Amino acid sequence: MIKASAPGKLMLFGEHAVIYDKPCIVASVDHRISVSLKKRNDNNIILTAPELNIENENISDLEKSHFKKVSFLLTAIRNFFKKYDVKSGLDIKTQSEFSDKVGLGSSSAVVVSAIKGLSELFKIKMNEKDVFDLSYQTVLDVQGLGSGFDVAAAVYGGILFFKTAGKVIKAINVQNIPLVIGYTGIKADTPTLVKVVREKRTKEPKKINHIFNEIEKIVNLAKTEIENKNWKEVGRLMNLNQDLLRNLDISSKKLENLIKAALNAGAYGVKLSGAGGGDCMLAISKKDNLDNIKKAIEKAGGSIINAKIPTEGVRIE
Ligand code: MEV
């Protein structure tokens, strides 16, 4: 039995603009998803996924189910078999430390874990970029869009300066960022929000391209300030990034309530993280004020995700 695990992610800076060839900064989060794999003597792929109430079911019977995770897993396996010209029946078990509703990137973490696990099981050498490329291809095959920043966080871990499709993947060397993660309780609909922004850009290219250029400047400054551990300045840049996301109309009332609460509790900076409309927000502050901010977010109706940022990328357990 081989077991591989990969971390979740949070976008720190540059969401949406990253789709238009601008850089972003993504952090890995120490909530992991693992995939255990064992060869079978037949050609069946049998899945156990407790978080989906699936126990020992044939994955091809589940393919037409509404479980997104099943299509990601099955496509990862098919892509791996095709690329490396191998085949076998498999027993697969997934385990998740986070819900697929919170926006921490469960689909990409499951794909990356599966591909890393398969490379170990079939003794095929894959470097990190090979795992990234095949995993990103899998995500595109299933959902048709996405910059791949979530796949990069799952593969490499740490904090990454990233450009779409992995054109640039650079580690930003820093440990333990003093962040609070607040969850709105609402699942963001990423594909719809990406399309909304795309339509806005078609209608008002000058305005939207200007916003993306401003976001790019913020991302470049934030890279340096994160490296310098200048959290106050990182916070100021988060507020500026949030202003620009507001101008894209992708924030929401719930996000804004949590953002306001964290700012009133003394955060250096606060912004939404990801596509917008829901999922999570992030607040950065002095270490000794983090608990205050957590309480304020909870009082405003959010829940706190307690997780260390950053963490290690995909690994064999
Ligand atoms: C979603 O979490 C972030 C987006 O930039 C989409 C992507 O980069 O794939 C909106």
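To be clear, the structure that these remarks concern was listed above.
Basis of the calculations
Residues numbered from 1 in each chain as written. Predicted model: local features only at pLDDT ≥ 70, side-chain atom pairs only at ≥ 80, totals over all residues. Heavy atoms only, no water. Helix = DSSP H or I, 4+ residues; strand = E, 2+ residues; numbered from the N terminus. Rg over C-alpha atoms; globule rule 2.2 N^0.38 Å. Buried < 20%, exposed > 50% of the residue type's maximum accessible area, 1.4 Å probe, protein only. Contact = heavy atoms within 4.5 Å. Areas by Shrake-Rupley, 256 points an atom, 1.4 Å probe, with all protein chains shown as cover. Lys, Arg positive; Asp, Glu negative; His and termini not counted. Charge placed at Lys NZ, Arg CZ, Asp CG, Glu CD. Pairing = 2+ DSSP bridges. Axes fitted to C-alpha atoms, helices over the stretch in contact; angles between N-to-C directions. 1 Å grid on protein atoms, 1.4 Å probe; cavity = no way out; pocket = protein on both sides within 12 Å on 5 of 7 lines; lining within 4 Å. Points joined across faces, edges and corners; volume = space filled by probe spheres on them. Nonpolar A, V, L, I, M, F, W, Y, C, P; charged D, E, K, R; others polar. Domains from an automatic or database assignment. Near = heavy atom within 4 Å. Polar contact = N/O pair within 3.5 Å; in protein donor to acceptor, adjacent residues only side chain to side chain. Sits in = over half its atoms within 2 Å of the grid points.

Caption draft 1: A look at the overall build of the protein. In terms of regular secondary structure, the protein is built from 10 helices and 12 strands. The C-alpha radius of gyration computed for the protein amounts to 19 Å, which stays within 12% of the reference 20 Å derived for 317 residues, consistent with globular compactness. If one aligns the C-alpha atoms of the protein with their principal axes, the spans along those axes are about 60 × 40 × 35 Å. For the protein, with 317 residues in total, the buried portion stands at 56%. The contacts in the protein between residues at least 6 apart in sequence include a share of 73% that link residues at least 24 apart. Total accessible area on the protein is roughly 13900 Å²; 46% of this is exposed by carbon and sulfur atoms. Within the protein, one finds 48 positive and 36 negative side-chain charges whose respective centroids are separated by 3 Å.

Caption draft 2: The arrangement of the environment of L90 in detail. Here L90 shows up in strand β5 (residues 89-96). Setting aside chain neighbours within four positions, we find L90 in contact with L37, K38, K39, R40, N44, I45, I46, I77, F81, L118 and L121.

Caption draft 3: Molecular detail of the sheet that holds strand β11 (residues 303-304). Spatial strand order, β9-β10-β8-β11: 4 strands in an open sheet with antiparallel pairing. Two strands in the sheet have a free side with no partner beyond their single neighbour: β9 (269-273) and β11. Bridge count for β9 against strand β10 (residues 280-284) is 5 bridges, and the pairing is antiparallel. Each residue of the ladder has a partner; that of S273, found in β10, is C280. Across the sheet, helix α10 (residues 290-299) is in contact with β8 (179-183), β10 and β11; its angle to β8 comes to roughly 10°.

Caption draft 4: Examining the layout of surface pockets more closely. Approximately 820 Å³ is the volume found for the largest pocket. As for the largest pocket, its lining consists of 42 residues, of which K68, Q143, D150, K187 and T190 are closest to the centre. Contributing elements (two or more residues each) for the lining of the largest pocket: β1 (2-13), α2 (68-84), α3 (106-121), α4 (128-143), α5 (149-156) and α6 (190-203). Of the residues assigned to the lining of the largest pocket, the class counts are 17 nonpolar, 15 polar and 10 charged. Summarising the domain contributions, the lining of the largest pocket has at least three residues from each of domain 1 (2-174 + 311-316) and domain 2 (179-304).

Caption draft 5: The pairing of β5, seen in detail. Pairing analysis gives 8 bridges linking strand β2 (residues 24-40) to β5, with the strands arranged antiparallel. Pairing of V35 across the sheet is with T94, part of β5. Sheet analysis places strand β3 (residues 45-49) next to β5, joined by 4 bridges and oriented parallel. When the bridges of β5 are listed, T48 appears paired with K93.

Caption draft 6: Structural context of the site of the ligand. Around the ligand sit E15, H16, V18, I19, G146, S147, F149, T190, V194, G274 and A275, and those are all the residues in its vicinity. Within the contact set of the ligand, an oxygen atom lies 2.9 Å away from a backbone nitrogen or oxygen of H16. One of the side-chain nitrogen or oxygen atoms of S147 is found 2.6 Å away from an oxygen atom of the ligand. Relative to its free-state accessible area of 300 Å², the ligand is covered by the protein chains to the extent of 94%. With respect to the detected pockets, the ligand is housed in the largest pocket. Broken down by class, the residue content of the shell around the ligand amounts to 5 nonpolar, 5 polar and 1 charged. Here the shell around the ligand spans two domains, since at least three of its residues come from each of domain 1 (2-174 + 311-316) and domain 2 (179-304).

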